[in-house]
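Chains, contacts and geometry: an overview
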Amino acid sequence: AQRVTQPEKLLSVFKGAPVELKCNYSYSGSPELFWYVQYSRQRLQLLLRHISRESIKGFTADLNKGETSFHLKKPFAQEEDSAMYYCALSPYNFNKFYFGSGTKLNVKP
Amino acid sequence: DTGVSQDPRHKITKRGQNVTFRCDPISEHNRLYWYRQTLGQGPEFLTYFQNEAQLEKSRLLSDRFSAERPKGSFSTLEIQRTEQGDSAMYLCASSLPPRLAGINEQFFGPGTRLTVL
């Protein structure tokens, strides 16, 4: 069965500090991994996907199949990064998502 | 606003009452999804439609829940005989099939927050 685990409910860092939001998954096939973000009073939106291997707003995430992890990283956090972050898994090219429980990132000035 | 819309945004009801939510997807999207999100959790898949066909239902969707998408456009989610455990945010999302869109991405609505007293 598929499962997405985000071990941290809350992560607080100071502005300019590095950030790493952890995500581990279990899935028997070939999944696609995503990070979704929800800013205060806004809807859930896609931040990045592992297939694109892109950097969005300074965030990157690398899929580690050996450790079944997809951690989200940013070298220098900004206050505007404060939000809820959800890691999600989808069977390859299928469009059905399984979400983790989310990590609230709080970037302090 | 050309994004996914949901109505109402908030609903307060008494236990035992029926409620119905509406979702209007992005117009060209033929896939529509319903999720439920309880406090402290991520969204949990409930069901999805491709056009008017309901292709999958989660075990979370009890007999009191029914979803329709009669013309392949908007969708409704009805909860009969509501219980306090139904209190949650109900999210709708839409997409094109990944093979058509070229990417695997869903676009979410703002959600309907249900409170059952």
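All of these numbers come straight from a predicted model, not from anything done at the bench. (Residues numbered from 1 in each chain as written. Chains lettered and ligands numbered in written order. Predicted model: local features only at pLDDT ≥ 70, side-chain atom pairs only at ≥ 80, totals over all residues. Heavy atoms only, no water.)

1. Details of the nonpolar core
Counting 24 residues, the largest nonpolar core has Trp35, Leu72 and Tyr85 of chain A as its most contacted members. Of all the secondary-structure elements, those providing two or more residues to this core are β2 (10-14), β3 (19-21), β5 (31-38), β6 (45-49), β9 (83-91) and β11 (103-108) of chain A. Beyond its immediate chain neighbours, meaning those up to four positions away, tyrosine 85 of chain A contacts Gln6, Leu21, Trp35, Tyr36, Val37, Leu47, Phe59, Leu72, Gly102, Thr103 and Leu105 of chain A. Residues Val19, Phe49, Phe65 and Leu77 of chain B belong to the second largest nonpolar core, which totals 19 residues. (Core = buried A, V, L, I, M, F, W, Y, C linked by side-chain atoms within 4.5 Å. Buried < 20%, exposed > 50% of the residue type's maximum accessible area, 1.4 Å probe, protein only. Helix = DSSP H or I, 4+ residues; strand = E, 2+ residues; numbered from the N terminus. Contact = heavy atoms within 4.5 Å.)

2. A word on the pairing of strand β6 (residues 53-57) of chain B
Along any regular strand, the residues point their side chains to alternate faces of the sheet. Residue and element names in this part refer to chain B. With 4 bridges connecting them, strand β5 (residues 44-50) and β6 associate as antiparallel partners. Its bridge partner being in β6, glutamine 50 is matched across the sheet by alanine 53. Here β5 folds back onto β6 in antiparallel fashion, the turn holding 2 residues, of which asparagine 51 has a positive phi close to 55 degrees. (Pairing = 2+ DSSP bridges.)

3. What to know about the packing of aromatic side chains
For the structure on display, the rule yields 15 aromatic pairs over all chains. Each ring, one from tyrosine 36 of chain A and one from phenylalanine 108 of chain B, has its centre 5.7 Å from the other, and the planes form 80 degrees; the classification is edge-to-face. Placement of the pair is tyrosine 36 of chain A in strand β5 and phenylalanine 108 of chain B in strand β10 (residues 107-108), with the two residues belonging to separate chains. Across the pair, phenylalanine 108 of chain B and tyrosine 36 of chain A agree in class, each one buried. Between phenylalanine 99 of chain A and tyrosine 35 of chain B, the ring centres sit 5.8 Å apart and the planes meet at 85 degrees, which makes this aromatic pair edge-to-face. Of this pair, phenylalanine 99 of chain A sits in strand β10 (residues 98-99) while tyrosine 35 of chain B sits in strand β4 (residues 31-37), on two different chains. Each member of the pair, phenylalanine 99 of chain A as well as tyrosine 35 of chain B, carries the same accessibility label: buried. Counting every residue linked through ring pairs, the aromatic cluster contains Phe34, Tyr36, Phe97 and Phe99 of chain A together with Tyr33, Tyr35, Phe45, Tyr48 and Phe108 of chain B. Positioned above the aromatic ring of phenylalanine 14 of chain A is the side chain of lysine 108 of chain A, whose terminal nitrogen or guanidinium carbon lies 4.4 Å from the ring centre. For the cation-ring pair, arginine 22 of chain B lies above phenylalanine 74 of chain B, with the distance from its terminal atom to the ring centre recorded as 3.9 Å. (Phe/Tyr/Trp six-rings, centres within 6.5 Å; stacked < 30°, edge-to-face > 60°. Lys NZ or Arg CZ within 6 Å of the ring centre and 35° of its normal.)

4. Looking at the sheet that holds strand β7 (residues 60-61) of chain A
Residues and elements named next belong to chain A. Reading across the sheet, the 3 strands line up as β3-β8-β7 and stay open at both edges, with antiparallel pairing between neighbours. For this open sheet the edge positions go to β3 and β7, each flanked by a neighbour on one side alone. As judged from the 2 bridges shared by β7 and strand β8 (residues 72-74), these two strands associate in the antiparallel manner. Across the sheet, threonine 60 pairs through a bridge with lysine 73, a residue of β8.

5. Concerning the side chain of histidine 71 of chain A
Note on placement: histidine 71 of chain A falls in the loop between β7 and β8. Apart from residues lying up to four places away in sequence, histidine 71 of chain A is in contact with Glu20, Leu21, Lys22, Cys23, Asn24, Trp35, Thr60, Ala61 and Asp62 of chain A.

6. A closer look at the state of the cysteines
All names here are of chain A. This model, assessed by the stated rule, comprises 2 disulfides over all chains. Linked covalently through their sulfurs, cysteine 23 and cysteine 87 form a disulfide whose S-S length is 2.0 Å. For the disulfide bridge between cysteine 23 and cysteine 87, the dihedral angle about the S-S bond is near -65 degrees, and by the sign convention the bridge is left-handed. Note that cysteine 23 is positioned in the loop between β3 and β4 (24-26) and cysteine 87 in strand β9, a separation of 64 residues in sequence. In this pair, the class of cysteine 23 matches that of cysteine 87, namely buried. (Disulfide = S-S within 2.5 Å.)

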